Amino acid sequence: MVKGIGNTQLLYRLLLAVDIQGYSRRDTREQLVAQGLLADALDRAARGVGLDRGRWEKQVGGDGELATLPEGVDPAPVAGDFVIGLAAALREVNRDAGRFPLRVRLSIHHGTLTAGPFGPAGDAPIVVQRLLDAAPLRRLLTDDTDRDLAYVVSDTLFEDVVRTGFCALRPQAFQPIKVTAKGAAFRGHILTGRAARGSGTGGTGGERGGPGARVLDFPALAAR
C-alpha cells in the first residue's frame, strides 16, 4: 500500500473555482476588501439556490478559492441560477466600486477526486483550475471592461447538465474553447454573456441582432 493513501475514497463531486482579476495590483487593505466582498457575493449566490457555503470544502488562496461541494448537490442550479445570482451580486457591489471593481473568473466542473493533506487530488481539481486559468476566459474580462463575471464550464458539465434544459442558462449562450497546459488539452464552454434581440445579423448567443439590438446581461440569458 502506498504510504498516505490508507482508506482514502475516490469521490465524484461538483467543483467550483473562482479568482479575482487584478488582485495583485491592490494594496493590502484593498485586497482584504476584495476578499470580503467576494465572500459575501458567493454567500448570496449560494443561498439563492438553497446552499450553505459553510458546508463546502474549500482550498483558499488570497485571490480566490477552489471549492468541493457536498455529495448530492444538484448541478443544474449551480451551473445556472447560482451563476446568475453571483453576477447580480457583483453588479450590485460594483455600483460603488471606486477604482477597483470586483471582477472575477469562475469555472465549474464535476468529476473524480480524493481528499489529500494539501487539498483535493485527482483529475477534477486539475480540470477546473486549468479552465479557470484559460487565456480565452481571461481575455473575456480584459476585452470587455463592463463585464463583472467571466464564466466557463467543463465540456462534460456542459454536455451532462447545460444541454439538458434543466440549467437556467441556455446552451446557445456558450462558446466552446480548447486550452493546452503542461502537455494536456482541456475543453470547456464559455458563457459569452452576449445575446441580441431585434433584426439584422450578429450576436453570439444564437439570436439575431442589428444596430439597435440590446445587449443582454446574465439574467436575460436565462432560459425561458
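Look up: the structure comes first, before these words.
This one's a predicted model, so the numbers in the text were calculated from it and none came from an experiment.

S.K.: When you look at the pairing of strand β6 (residues 174–181) in this model, what are you seeing that I'm missing?
M.R.: It is a general feature of regular strands that their side chains alternate between the two faces of the sheet. Pairing geometry for β6 and strand β7 (residues 184–191), over eight bridges, is antiparallel. Its bridge partner lying in β7, A181 is registered against A184. Counting the residues in the hairpin turn of β6 and β7 gives two residues, including K182, whose phi is positive at 55°.

S.K.: Sorry if this is basic, but what is going on with the packing of aromatic side chains here?
M.R.: Any two aromatic rings considered together are summarised by their centre-to-centre distance and by the angle between their planes. Enumeration over the complete set of coordinates arrives at three aromatic pairs. Considering the side-chain rings of W56 and F82, the 6.1 Å spacing of their centres and the 55° angle between planes classify their relative orientation as tilted. Taken together, the positions of W56 in the loop between α1 (28–48) and β2 (57–61) and F82 in helix α2 (residues 75–93) put the pair 26 residues apart, joining distant regions of the chain. Across the pair, F82 and W56 agree in class, each one buried.

S.K.: Whenever I open this one, α2 confuses me. Can you help?
M.R.: Helical geometry note: an α-helix holds 3.6 residues per turn, so side chains three or four residues apart project in the same direction. In a regular helix each residue adds 1.5 Å, so 19 residues correspond to 27 Å; α2 covers 26 Å between its end C-alpha atoms and thus fits that length. A bend of about 30° at D81 is the largest found in α2. Listing the buried residues of α2 in full gives A76, V78, A79, G80, F82, V83, I84, L86, A87, A89 and L90. The secondary structure elements touched by the buried residues of α2 are β1 (11–20), α1, β4 (104–113), β5 (149–154) and α5 (155–160). The opening residue of α2 is D74, an N-cap whose side-chain oxygen sits 3.1 Å from the backbone nitrogen of A76.

S.K.: For this particular structure, what's the right way to read the nonpolar core?
M.R.: Nonpolar side chains in soluble globular proteins generally cluster together in the buried interior. Membership of the largest hydrophobic core comes to 44 residues, with the highest contact counts inside it found for L69, F82, L86, L106, I108, Y151 and F174. Top contributing element to this core by residue count: α2, with ten residues. Apart from residues lying up to four places away in sequence, L69 is in contact with R13, L14, L16, L51, W56 and V78. Ranked by size, the runner-up nonpolar core spans twelve residues in total, among them L137, L140, A150 and I190.

S.K.: Sorry, what's going on with the side chain of R103 here?
M.R.: Within the secondary structure, R103 sits in the loop between α2 and β4. Despite its burial, R103 remains without a salt bridge, the nearest opposite charge being carried by D148 at 5.1 Å. There is a polar contact of 2.7 Å between the side chain of R103 and the backbone oxygen of R147. Discounting chain neighbours no more than four positions away, the residues touching R103 are D19, I20, Q21, L141, D144, T145, R147 and D148.

S.K.: Explain the environment of T114 to me, please; I cannot follow it from the model alone.
M.R.: Position of T114 among the secondary structure elements: in the loop between β4 and α3 (123–132). What makes T114 buried here is its relative accessible area of 18%. Sequence separation between T114 and P125 is eleven residues; the distance between their C-alpha atoms is 9.6 Å. For T114, the residues in contact, after removing those within four places along its chain, are T8, Q9, G119, P120 and A121. Of note is the side chain of T114, whose polar atom sits 2.7 Å from the backbone oxygen of Q9.

What counts and how
- Residues numbered from 1 in each chain as written.
- Predicted model: local features only at pLDDT ≥ 70, side-chain atom pairs only at ≥ 80, totals over all residues.
- Heavy atoms only, no water.
- Pairing = 2+ DSSP bridges.
- Helix = DSSP H or I, 4+ residues; strand = E, 2+ residues; numbered from the N terminus.
- Phe/Tyr/Trp six-rings, centres within 6.5 Å; stacked < 30°, edge-to-face > 60°.
- Buried < 20%, exposed > 50% of the residue type's maximum accessible area, 1.4 Å probe, protein only.
- Expected span 1.5 Å × (residues − 1).
- Bend = angle between axes of the 7 residues up to and from the residue.
- Contact = heavy atoms within 4.5 Å.
- Polar contact = N/O pair within 3.5 Å; in protein donor to acceptor, adjacent residues only side chain to side chain.
- Core = buried A, V, L, I, M, F, W, Y, C linked by side-chain atoms within 4.5 Å.
- Lys, Arg positive; Asp, Glu negative; His and termini not counted.
- Salt bridge = Lys/Arg side-chain N within 4 Å of Asp/Glu carboxyl O.

In short, shape yes, function no, at least from these values alone.
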